[in-house]
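# Breakdown of the fold
This is what each chain is made of:
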Amino acid sequence: MSRLPQMHGELIDRQRTVEFSFEGRRCQGFHGDTISSALAANGVQIFGRSFKYHRPRGLLSAANHDVNALVQVRTAGRSVPNVRADVVPVEPGWDICAVNTRGGLASDRLAVLNRLAPVLPVGFYYKAFHSKRWFPRWERMFRHLSGLGCVDLAAPRRTTAKRYDFCDVLVIGAGPSGLAAAVAAAEEGAAVVLIDENLAVGGSGLYARGGDDHGAALVRALSARAGAHPRIRILTYTYAAGYYADHWVALVMRDCMVKMRARSLIVAQGAYEQPAVFRGNDLPGVLLASAAQRLLYRHAVLTARRVAVLTANSEGYAAALDALAHGVELAAVLDLRPTPTARSRAAADELARRGVRLHFGVQPIEASAQSSGRLACFEYSSAGTPRARHRLDVDGLWMSVGFAPANALLHQANARLSYQLALEQFVPAWLPEGVYACGKVNGVYELSQRIDDGRDAGACAAWQLRSGAARARQSAPASEECPTHPYPIFAHPKGKEFVDFDEDLQIRDIENACQEGFDSSELLKRFSTIGMGPSQGKHSQMNALRILSKLRGEPIEQLGTTTARPMFHPVPLSHLAGRGFTPERRTPLDAEHGSLGAVWMPAGNWRRPEYYAVAGQSREQAIAAEVAAVRTRVGLIDVGTLGKIEIHGPHAAEFLERVYTGRFANLKIGMTRYALMLDEAGVVIDDGVVGRLAAESFYFTTTTGNSATLFREFGRLATWWRLSVGLVSLTGHYAAFNLAGPAARAVLRAHTALDLSEAAFPYLALREGLIAGAPCRMLRVGFVGELGYEIHLEAEHALGVWRALLAAGKAFDIRPFGVEAQRMLRLEKGHLIVGQDTDGLTNALEIGAPWALKMDKAFFIGQRSLRILERQPRRQQLVGFRLGAQATARPKECHLILDHGQIAGRVTSVGFSPTLGCCIGLALVSPKLAAGAQLRIRIDEGKQIDAEITRTPFYDASGERQRLAQSA
Amino acid sequence: MSSPSAALRFQDLSWRRRCGCKGPAAEAFLASQGYRVPAEPNSAALDAGGVLVARLASSEFLIEAVAGPTPRLAALRSQLHERRTPSGVYPVARQDLVLELGGEGLNVLLRQTCSVDFAPLFEQAQSDGGPIVLTSMIGVGVVAWPRRVADGPAVTLWSDPSFAHYFYNTLLEVGRDQGGVTINRAERASATGSDT
């Protein structure tokens with residue numbers, strides 16, 4: 001065990017032990033340990049294998065940024081991949097193992113890939129995949145070798161709640177500056193939410209102590225004030241995954257995602273400590289100084305017994321003092337700089353006084369490993385003896401050579417950032433309204449200055465919310481030292497100096513990518529995959545830019561950075577999916593259909609009866625019987641899913657004239673007319689029926705799937721055209737059903753006093769009256785090709801009228817029919833269904849309905865395009881076809897039409913007509929084929945059949961049946 | 001179905017009588033009929049006779065008898081239904097699913113199902129009206145009337161009746177996961193079709 005005695009502020013509860021296993025080894029931690037801290041406390045050095053070369057890897061950041069600290073956790077009944085060991089608290093009974101190994105972590109068989117590195121250069125994916133012939137082999141191999149954790153396909157579905165939340169000021173990051181910002185904003189009256197991805201607030205203020213508790217005491221006091229403030233809500237173990245417009249921020253918590261809407265946002269996420277790049281910088285035992293400090297002060301864990309500190313800033317000296325304070329043997333402090341700065345001087349003197357060796361102008365050469373893979377020694381040269389090769393035998397090397405600001409959210413908020421040479425980092429140059437930055441992300445590093453900066457940001461945010469006016473931020477103080485080395489990158493002839501630990505990218509990979517022409521930050525990223533692993537470049541992007549800058553001889557600012565898109569950290573898919581809401585609409589007759597044996601199908605977002613099951617009948621037989629009922633007797637279908645809209649006002653007719661291709665200004669009151677709607681390109685997008693209720697009032701229908709979209713579009717058009725109309729959607733509030741068949745009139749007559757005679761209520765007429773005592777609107781239309789009445793009424797009356805009609809129809813053996821029967825009935829009539837017999841490119845000239853296009857009107861949507869299209873050759877034409885009565889092989893919808901082996905169209909509707917006793921269909925085909933007599937159709941299994949092109953309608957071409965003057 | 005300690009209360013109020021109208025002359029028409037018409041868009045006014053008039057956006061109105069049927073509303077309904085209204089007044093059919101949700105757990109439920117922050121609206125709410133919110137909850141457009149009643153916050157939701165089954169049952173599922181829902185069965189109307 002590497003656990004230190006109890007120390008002030010530690011996050012662990014030593015009274016509560018946690019037993020778990022790692023790679024089959026029994027381990028013990030404490031409540032409050034992360035997986036990483038518990039493993040480190042148990043002396044575990046190697047946490048995982050690298051993604052590409054399967055090199056042994058240990059802790060790097062202990063801050064949620066390490067690909068090699070992703071583990072697979074097995075618990076009772078579940079196996080969860082890619083658990084972030086750096087931040088996830090360990091729990092009793094967990095069986096933990098490393099991800100992506102073959103044969104276990106200690107003896108991973110894929111470690112052989114490390115020896116193959118010379119033949120796996122940057123971009124080898126693209127080069128390997130280049131050949132079509134080899135692609136399947138490469139694909140299989142890479143799928144086998146790559147990946148992280150294993151998805152448990154048997155995992156139960158979790159309905160993770162997702163919720164919204166709201167606040168005045170959202171402070172992201174609860175380090176010293178974030179705490180100060182939250183307190184300042186709350187004291188100004190703002191409702192503040194303060195989040196931090198760690199289990200406790202305080203950030204680096206509590207672990208980067210420099211052997212002195214003074215700063216930590218300040219931060220503890222600040223934490224106490226924030227915790228006690230009634231207007232501050234603190235959410236720990238929560239991170240901001242992404243920023244979206246209007247200050248929406250996705251917060252990922254342990255069990256759910258929260259969509260936080262903040263009036264103002266303060267980014268205080270600090271900076272990621274950056275690794276130095278030298279040969280062997282990925283060996284277990286080489287870690288960031290901040291990682292060692294985190295484990296030291298949060299979890300009382302020592303990561304090494306004898307360490308060297310490789311530094312280029314005062315933070316490294318502070319880490320060295322922290323090591324000394326806890327009994328770590330400090331082999332040396334190795335400063336990359338020629339001399340310490342004024343800010344580092346006092347710590348350097350103190351270290352020298354305590355006998356620590358200090359070297360300046362250090363040039364790392366390489367770190368070497370023991371046979372176990374663990375760091376054994378570090379070799380370097382220094383300014384005084386540039387040609388000498390010094391060796392330090394150490395089991396820990398702490399790196400503190402610089403920082404990269406955690407500015408991903410600022411990028412997403414469209415902040416402008418500029419590169420400051422004095423800091424060697426990007427800092428905000430301009431921030432959008434309501435967005436603030438403070439602390440290290442703002443280029444402020446000294447503790448008291450970070451607190452001041454945070455306080456100012458919090459006060460400014462609250463001021464703006466209260467007054468509505470922006471207040472200028474106080475200028476960030478000039479830094480006493482540059483916290484980041486300008487080029488902590490040291491190439492080695494033998495390579496293995498890792499720039500990106502996620503993707504195992506070395507210096508030469510960046511160089512080779514540039515040499516191949518991928519020499520901008522965006523191209524470099526895509527070609528080399530740098531920054532595309534789970535850490536998303538948090539440790540690699542700046543070092544890669546520095547190399548690129550040197551290779552191109554251009555300053556970093558001119559190179560720019562890649563866009564840091566959401567998500568900031570990997571997010572569990574269950575969090576993103578949330579509960580899953582799928583709105584479904586039902587007609588008022590839904591329960592009645594169920595009791596009648598409806599077999600359901602989705603239609604748009606509605607559910608509708610496909611057909612009504614009958615005992616002893618197959619699906620096809622039931623549908624055929626429903627068709628026969630309509631053709632020979634009478635049937636009743638629920639068409640309540642149709643869009644149902646009223647339009648009123650002095651410009652109502654004018655509106656319809658513009659929206660639809662037909663003429664409606666001259667439509668007589670009490671009559672209906674077919675309506676076809678196009679988009680601006682002349683493409684058919686909807687159809688329906690328009691009926692005139694009064695001089696300034698119309699009632700019209702749209703297709704089921706388009707009703708909601710079109711109602712919104714109609715509202716937009718009415719506003720845009722500045723027409724005085726009132727649009728009323730009745731879709732959900734009205735029911736509708738179609739009573740159709742030769743006996744329809746007789747059935748209806750049983751329940752209405754309305755004169756249904758041909759003279760009083762002719763074909764295409766609209767009448768209003770009572771049916772079974774309920775006020776109804778009746779449209780005499782003929783979609784299914786028989787005498788028919790479409791009955792529209794308020795939803796509350798639907799069930800009574802439906803039942804009354806079924807009761808009256810008993811004498812005629814009435815039958816309810818479903819969508820499939822209706823599709824066949826309309827197909828027999830050759831009526832098209834928009835969206836099925838048309839697609840997103842089918843224009844109105846191609847569907848064979850010139851009568852519906854009133855091109856002489858002043859205007860309708862799509863008219864201009866049709867005028868152009870009229871002068872061009874047709875691309876396709878909708879035609880009818882039929883197969884011989886004996887044909888056994890039948891096409892399906894979307895089967896291809898061939899012309900001398902080439903695709904020349906597709907089947908749009910097809911089915912066996914029980915009325916005609918043969919298979920009939922519609923197809924969109926080339927004009928050349930449309931002019932012929934036969935179609936060749938490629939059906940299942942590559943077979944080809946011939947069909948005869950037939951004029952439509954297939955049934956009752958004269959339309960006599962739907963106009964039936966006399967009927968039963 | 002219900003939990004004695006449930007922090008949520010559901011009540012189906014679809015049975016209430018209501019009607020709607022819109023158009024440039026709708027406001028004047030309702031005022032001429034003696035209704036208390038809210039002056040501000042997206043606000044509601046409840047008159048002494050127990051009739052709520054909700055102004056939806058600028059020129060659409062939802063009128064509902066919240067304290068039981070009134071002859072005045074019945075007359076208005078038939079007037080609108082028969083289109084016996086002045087020019088510029090257009091009838092709007094209102095067959096809504098109407099749910100009243102209440103209880104201490106209401107805000108948690110709303111935060112799982114709607115992107116509007118109702119908390120400040122509960123504070124602003126007035127017993128005789130207050131703000132109306134036109135928004136979307138779990139993918140369904142709703143008219144929401146937030147207010148504060150004896151047992152805490154409450155919101156009345158009007159939604160398209162074709163979504164009734166989905167809307168009601170989904171809210172119920174979320175509420176149950178939250179710790180339980182008390183349902184007023186007695187007044188559970190047929191709008192949702194079933195009670196799963």
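Worth saying up front: this structure is predicted, and the values here are computed from it rather than measured. (Residues numbered from 1 in each chain as written. Chains lettered and ligands numbered in written order. Predicted model: local features only at pLDDT ≥ 70, side-chain atom pairs only at ≥ 80, totals over all residues. Heavy atoms only, no water.)

### Some remarks on the overall build of chain B
Put simply, the rule reads: The numbering of helices and of strands both runs from the N terminus, where a helix is a DSSP run of H or I of at least 4 residues and a strand a run of E of at least 2. All radius of gyration figures rest on C-alpha atoms, and the globule criterion is 2.2 Å times the number of residues raised to 0.38. Working definition: with a 1.4 Å probe on protein chains only, accessible area under 20% of the residue-type maximum means buried, over 50% means exposed, and in between means partly exposed. Every residue pair with non-hydrogen atoms within 4.5 Å of one another is taken to be in contact. In this description, accessible areas are obtained by the Shrake-Rupley approach with a 1.4 Å probe, and a residue is regarded as covered only by the protein chains that are shown.
A tally of helices and strands in chain B yields 5 helices and 12 strands. The C-alpha atoms of chain B give a radius of gyration of 17 Å, which matches the 16 Å a tight globule of 196 residues would have. For chain B, the C-alpha atoms occupy an extent of roughly 50 × 35 × 30 Å along the three principal directions. Buried residues in chain B amount to 60% of all 196 residues. Sequence-distant contacts, at least 24 apart, represent 65% of the contacts inside chain B between residues at least 6 apart. Counting only carbon and sulfur atoms, one obtains 52% of the accessible surface of chain B, whose full area is about 7300 Å².

### A short note on the interface of chain A and chain B
Definition in use: In this description, buried area is defined as the sum, over both parts, of the accessible area (probe of 1.4 Å) that is lost when the two are combined. Within this document, salt bridges are pairs made up of a side-chain nitrogen of Lys or Arg and a carboxyl oxygen of Asp or Glu, the two lying within 4 Å of each other. Polar contact is the term for a pair of N or O atoms within 3.5 Å; when the atoms are in protein, one must be able to donate a hydrogen and the other to accept it, and sequence-neighboring residues count only if both atoms are side-chain atoms. Any residue that is not Ala, Val, Leu, Ile, Met, Phe, Trp, Tyr, Cys, Pro, Asp, Glu, Lys or Arg is counted as polar, Gly included; the first ten are nonpolar and the last four charged.
Contact residues are listed per partner, giving 36 residues for chain A and 31 residues for chain B. Of the roughly 2900 Å² buried at the junction of chain A and chain B (both faces included), carbon and sulfur atoms supply 54%. Where chain A touches chain B, the interface holds 6 salt bridges. Two residues, Asp165 of chain A and Arg111 of chain B, come together in a salt bridge whose shortest N-O distance is 2.6 Å. Taken together, chain A and chain B are joined by 12 residue pairs in polar contact (both at pLDDT 80 or more). Taken together, the elements giving at least two residues each to the side of chain A that touches chain B come down to strand 8 (162–172), strand 32 (643–648), strand 36 (726–729) and strand 39 (774–779) of chain A. Take the side of chain A that touches chain B: its biggest share by element is 5 residues, from strand 8 of chain A. Grouping the constituent residues of the side of chain A that touches chain B by class yields 16 nonpolar, 7 polar and 13 charged.

### Some details on the packing of aromatic side chains
Both the distance between ring centres and the angle between the ring planes are used here to describe each pair of aromatic rings. In plain terms, the rule: Aromatic contacts are taken between Phe, Tyr and Trp rings whose centres are within 6.5 Å, Trp giving its six-membered ring; a plane angle under 30 degrees counts as stacked, one over 60 as edge-to-face, and the others as tilted. Placement of a charge over a ring requires the Lys NZ or Arg CZ to be within 6 Å of the ring centre, with the centre-to-atom vector within 35 degrees of the ring normal.
By the definition in use, this model includes 21 aromatic pairs over all chains. Seen from their ring centres, Phe278 of chain A and Phe378 of chain A are 5.3 Å apart, and the 65° between their planes marks the pair as edge-to-face. Of the two residues, Phe278 of chain A sits in the loop between strand 14 (271–273) and strand 15 (286–288) while Phe378 of chain A sits in strand 20 (residues 375–381), which places them 100 residues apart along the sequence. Comparing Phe278 of chain A with Phe378 of chain A shows no difference in burial state: the two are buried. Directly above the ring of Tyr955 of chain A sits Arg631 of chain A, whose terminal nitrogen or CZ lies 3.9 Å from the centroid. The residue whose ring lies beneath Arg147 of chain B is Trp145 of chain B, and the NZ or CZ to ring-centre distance is 4.4 Å.

### Quick look at the sheet that holds strand 6 (residues 90–92) of chain B
All names here are of chain B. Keep this limit in mind: If DSSP finds at least two bridges between two strands, the strands pair. Only C-alpha atoms enter the line fits that serve as axes; for helices the fit covers just the stretch in contact. Angles between N-to-C directions range over 0 to 180 degrees.
In spatial order, the strands read 6-2-5-4-3-8; together these 6 strands make up an open sheet with antiparallel pairing. Across the chains shown, the open sheet's two edge strands, defined by having one partner strand only, are strand 6 and strand 8 (129–131). Between one strand axis and the next, the sheet turns by 20° as a mean value, whatever way the strands run. Pairing of strand 3 (residues 43–46) with strand 8 involves 3 bridges; the strand directions are antiparallel. Bridge pairing in strand 8 places Ala44 opposite Gly130.

### Overview of the pattern of salt bridges
Applying the stated criterion to the full structure yields 77 salt bridges over all chains. A salt bridge links Glu846 of chain A to Arg875 of chain A; the shortest N-O distance between them is 4.0 Å. Of this pair, Glu846 of chain A sits in the loop between helix 22 (819–828) and helix 23 (863–870) while Arg875 of chain A sits in the loop between helix 23 and strand 42 (877–882), and the two are 29 residues apart along the sequence. Its relative accessible area of 1% is what places Glu846 of chain A among the buried residues. The exposure class assigned to Arg875 of chain A is partly exposed, which follows from its relative accessible area of 46%. The partner of Arg55 of chain B in a salt bridge is Glu27 of chain B, with the nearest N and O atoms 2.9 Å apart. Linking Arg55 of chain B in strand 4 (residues 51–56) with Glu27 of chain B in helix 1 (residues 26–32), this pair joins segments that are 28 residues apart in sequence. Under the relative-accessibility criterion, Arg55 of chain B is labelled buried at 7%. A residue is classified by how much of its surface remains accessible, and Glu27 of chain B, at 34% relative accessible area, is partly exposed. Three or more residues are tied together by salt bridges with common partners; here these are Arg163, Asp165 and Arg233 of chain A together with Arg111 and Asp117 of chain B.

### What to know about the nonpolar core
Residue and element names in this part refer to chain A. This is how it is decided: Each nonpolar core is a collection of buried residues, namely Ala, Val, Leu, Ile, Met, Phe, Trp, Tyr and Cys, held together in the definition by side-chain atoms within 4.5 Å.
One finds Ile35, Phe278, Leu310 and Leu330 to be the most contacted residues of the largest nonpolar core, which totals 82 residues. Excluding its chain neighbours within four sequence positions, the residues that come into contact with Leu310 are Ala276, Phe278, Leu334, Leu336, Val362, Pro364, Phe378, Leu397, Trp398, Met399, Ser400 and Val401. Counting 36 residues, the second largest nonpolar core, distinct from the first, contains Ala622, Leu676, Leu845 and Leu853.

### Concerning unusual backbone geometry
All names here are of chain A. Met567 follows Pro566 through a cis peptide bond whose omega is 5°. Secondary-structure assignment places Met567 in the loop between helix 14 (556–559) and helix 15 (573–577). Cis geometry is adopted by the peptide bond preceding Pro953, which originates at Thr952 and carries an omega value of 0°. Relative to the helices and strands, Pro953 is located in the segment after strand 47 (944–950). A positive phi angle is found at Ala300, which is not glycine, with a value near 55°. Looking at the secondary structure, you find Ala300 in the loop between helix 6 (289–299) and strand 16 (306–311). The backbone of Leu764 shows a phi angle near 75°, a positive value even though the residue is not glycine. Residue placement: Leu764 occurs in the loop between helix 20 (744–749) and strand 38 (766–771). Here Leu764 falls in the partly exposed class, since its relative accessible area comes to 30%.

### Some points on the environment of Asp128 of chain B
Residue and element names in this part refer to chain B. Tracing the backbone shows Asp128 in the loop between helix 4 (119–124) and strand 8. Looking at Asp128, the relative accessible area reads 32%, which means it is partly exposed. Beyond its immediate chain neighbours, meaning those up to four positions away, Asp128 contacts Arg36, Ala44, Ala45 and Leu46.

### Things to note about the side chain of Gln79 of chain B
Residues and elements named next belong to chain B. Here Gln79 is to be found in helix 2 (residues 71–81). For Gln79, a relative accessible area of 15% corresponds to the buried category. If near-sequence neighbours (up to four positions away) are discounted, Gln79 is found in contact with Phe29, Gln33, Arg84 and Thr85.

That's the geometry; what it means functionally is another story.
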